[in-house]
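If you want the building blocks of each chain, they are given just below.
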Amino acid sequence: MAENELAAFRERWKKELTSKKGEQRLVCAPSPSWDVPGQSGQRDLKNRYFEDLKNLNKACTPSKQEEGGCTEDEVCVGEGGGKGAAESEDQPEYVSIARSLLDGRTSPLLGRIQEERTRRKRQYDNRTGVCSTSLQQQQQPQRKAKKDEELVDQLIQDLNEVNDIPFFDIELPYELALKIFQYLNCTELGRCAQVSRAWRVLAEDGVLWFRMCTREGYHQDASVSDSPCWKSTLRDCRNLAKTVCSNWKNRVGSISQLQFELGKVLCDVSSCDNFVLAGYTSGDVRLWDTLHWDSAASYLKPNSLSANTDPRPHVSHVQVNGTVAAAAYEDGCVDLWSTETGGEPIYHYQSPGRIQALALSPDSPILGSAAGPNVRLNRADDRGYWRTICQAQLPNTVESLVVVPGRGQQCPLVALAAAEAVHLLDPRDDEPRTLHSVYGHPVTCLDASDSRVALGVKSTGWAMYDGGNKIHVYSLETGKPAVCVGNSPGDFTCINLRDSPPHLLVCGNKDRRVRVFDLRAGSSVASLYAHHLGVTSVQADDWKIVSGGGEGLVCVWEMRMGAKLWEMHNRHPVRHVRFNTSTLVTANIPDDKSPRGACITDDDLTAHRRHRGVICHYDFSEDALSQDHILPICKSDYTESYGYNYNISLAVPYDRLSGSHPSH
């Protein structure tokens, strides 16, 4: 309201109060509650609008009293119940303005409606008490009927609006409506399915639920036509995930030990998805497919050069992904097999020295190896033929090597740790570029994700007073430091950045603690006192942590509470820990590869089982305890002379009683 209108409003208000001081006021009956402006302001705006609009139309229509000649200032009382119309003087304009401001209405139509209501209220207040009572008694049935009519009209209006809601079928194409619905979650789609039949068809479209299923991480390689009802598939996947999570927490499932060579010591273990690869001191390499225990690809033959050597060299490193398996021997030979066919190696090459580091890309056929300061990178072409794409030589001996995941087959990238420096090897560059180098601060561990490289640095000398050992994280896009975390007096022994949740890093230290860091804030999320001989391997996901220690203990932790769920113990340090949604693979690898008394000429090889190491496979899936889930050792029959892995003889009872079966 402008200032001049406000001043005029105040002036007229004072005049009206002064003029009405000496006037005698009539005794008025109480106004019905449905006409009080204070209560009417609390109604729903939509219902009040239609009610006032009907009253305005009725007020504008000439009444029967006006047609009979009754004036506005008269009070008409008759035999039929005292009908009359006493009309007071017109309401001042400032009163309408004030009431419109109080109600928060500025529309001209709403202003006219309010004026009509105020006029009728003043007319009603000027009547006598008897007339008011009689009118109230006669108008109660009429008001009830009018109220019922208004409710019916409102219901019809609401039904019309409901019929107008499914505009997708009339004005929008089905694909565009589906595009809008894809931004809703599961709960919102369920609510939309209750609106109408048209919305239910949209909310239950298979494409929406297929995308939601893949977005949550289920059936990533599936297509829309693979399931008749993706809504039911998503429900089953969620129920299965809840069951698997409960089995993880309560250690419910099957546990099996993967053993191959009797009397030989386990050298190295690698696992990826459902494949487990192991190398032994006998020079043999064994591949297990945990989904198909009787797979023919389980037996991997060495190359002809290593097979004819006596004694055969030990296996120093093994690596496996979804398509190929690789093994490096002590004499510098490297063999490569196909996980589908097994058998003979598909690729073989000889390095001039002992292989210090071997790495295989988790998602592409790219193999990197380092022998001393010499680095070699091999790749398979489109036809499946392997060839060397890059060779380089560094100033120092390479201690660890990691192939950066997610780079594809055409542009591989390798991170190398050599003494105090970390280098990046790209086949498109002339020479490796240095990512990190600090004199006197050697790199103790290394890992890489698709966008970052994390390395543990050991502080020596006066640098120990500057926070101790730290973990430096570099960005692969810019090549500059992204964050520096950690403050520990002990050396960092293992880092897992590739398999950790986004923006999280989990690591192990010689100070017996497992730590989880938030790379966005550079702060510690969890610090767990885990292993009294130091942490040797670790992995984490969004809710749990699995760690292995030098004392042979495998611990499963709940990340949010920092509580230990359960633990398992085996002899020898835990050198390998890898888990997915429903399985866990751990490997206890001995440090002494030639233990005393573990010679192959010994008569009783079972006495030296404690020297060989062990591979444990945990299955927490829903069908892990079903009858179909049977290991090969349980499928042996009485026709075999000895057990599969346990160096025991199987004999029928009458053979044992007669003594015809050879003793064991």
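Looking at an unreviewed UniProt entry, one finds the protein chain named F-box/WD repeat-containing protein 8 and attributed to Lates japonicus. Under the UniProt heading Pathway (unreviewed entry), the note attached to the protein chain is "Protein modification; protein ubiquitination."

A. Region of interest: the pattern of salt bridges. Applying the stated rule across the entire model yields 16 salt bridges. Among the salt bridges present, the one from Glu-216 reaches Arg-238, with a minimum N-O distance of 2.4 Å. Remark: Arg-238 occurs in helix 12 (residues 230–250) and Glu-216 occurs in the loop between helix 11 (206–215) and helix 12; sequence separation between them is 22 residues. Between Lys-458 and Asp-491 there is a salt bridge; the shortest N-O distance is 3.6 Å. In this pair, Lys-458 sits in the loop between strand 19 (452–457) and strand 20 (469–475) while Asp-491 sits in the loop between strand 21 (481–488) and strand 22 (492–496), placing the two residues 33 residues apart along the sequence. Taking relative accessible area as the criterion, Lys-458 reaches 30% and is therefore assigned partly exposed. One network of salt bridges, in which partners are shared, links Arg-200, Glu-204 and Lys-231.

B. Fine view of the sheet that holds strand 5 (residues 299–300). The sheet built from four strands is open, its strands ordered 2-3-4-5 with antiparallel pairing. Edge strands, defined here as strands with exactly one partner in the open sheet, are strand 2 (266–272) and strand 5. Pairing of strand 4 (residues 285–289) with strand 5 involves two bridges; the strand directions are antiparallel. The residue bridging Arg-286 from the neighbouring strand is Tyr-299, located in strand 5.

C. Inspection of helix 8 (residues 174–181) at higher detail. Within the span of helix 8, buried status applies to Ala-177, Leu-178 and Phe-181. Taken around the axis of helix 8, the buried residues stretch over an arc of 100 degrees, which confines them to a single face. Elements that come into contact with the buried residues of helix 8 comprise helix 9 (186–192), helix 10 (197–203) and helix 11.

D. Representation of unusual backbone geometry within the structure. Positive phi is not limited to glycine here, since Asp-273 has a value of about 55 degrees. Along the chain, Asp-273 turns up in the loop between strand 2 and strand 3 (275–280). Asp-273 gets classed as exposed once you look at its relative accessible area, which sits at 58%. A positive phi angle is found at Arg-512, which is not glycine, with a value near 80 degrees. Residue position: Arg-512 is located in the loop between strand 23 (504–509) and strand 24 (513–518).

E. Structural view of the nonpolar core. One finds Val-375, Leu-401, Val-414, Leu-416 and Leu-425 to be the most contacted residues of the largest nonpolar core, which totals 17 residues. Going through the elements one at a time, strand 10 (357–360), strand 11 (366–371), strand 12 (374–380), strand 13 (386–393), strand 14 (400–403) and strand 15 (414–418) are the ones with two or more residues in this core.

F. Molecular detail of the pairing of strand 25 (residues 523–529). Where strand 24 and strand 25 come together, six bridges link them in antiparallel fashion. If you follow Asp-518 over to strand 25, its bridge partner there is Ser-523. Linking strand 24 to strand 25, which pair antiparallel, is a turn of four residues; within it Gly-522 sits at a positive phi near 70 degrees.

Cut-offs used in this document
- Residues numbered from 1 in each chain as written.
- Predicted model: local features only at pLDDT ≥ 70, side-chain atom pairs only at ≥ 80, totals over all residues.
- Heavy atoms only, no water.
- UniProt positions renumbered as here; feature names shortened; annotations may be inferred.
- Salt bridge = Lys/Arg side-chain N within 4 Å of Asp/Glu carboxyl O.
- Helix = DSSP H or I, 4+ residues; strand = E, 2+ residues; numbered from the N terminus.
- Buried < 20%, exposed > 50% of the residue type's maximum accessible area, 1.4 Å probe, protein only.
- Pairing = 2+ DSSP bridges.
- Arc of directions from axis to C-beta.
- Contact = heavy atoms within 4.5 Å.
- Core = buried A, V, L, I, M, F, W, Y, C linked by side-chain atoms within 4.5 Å.

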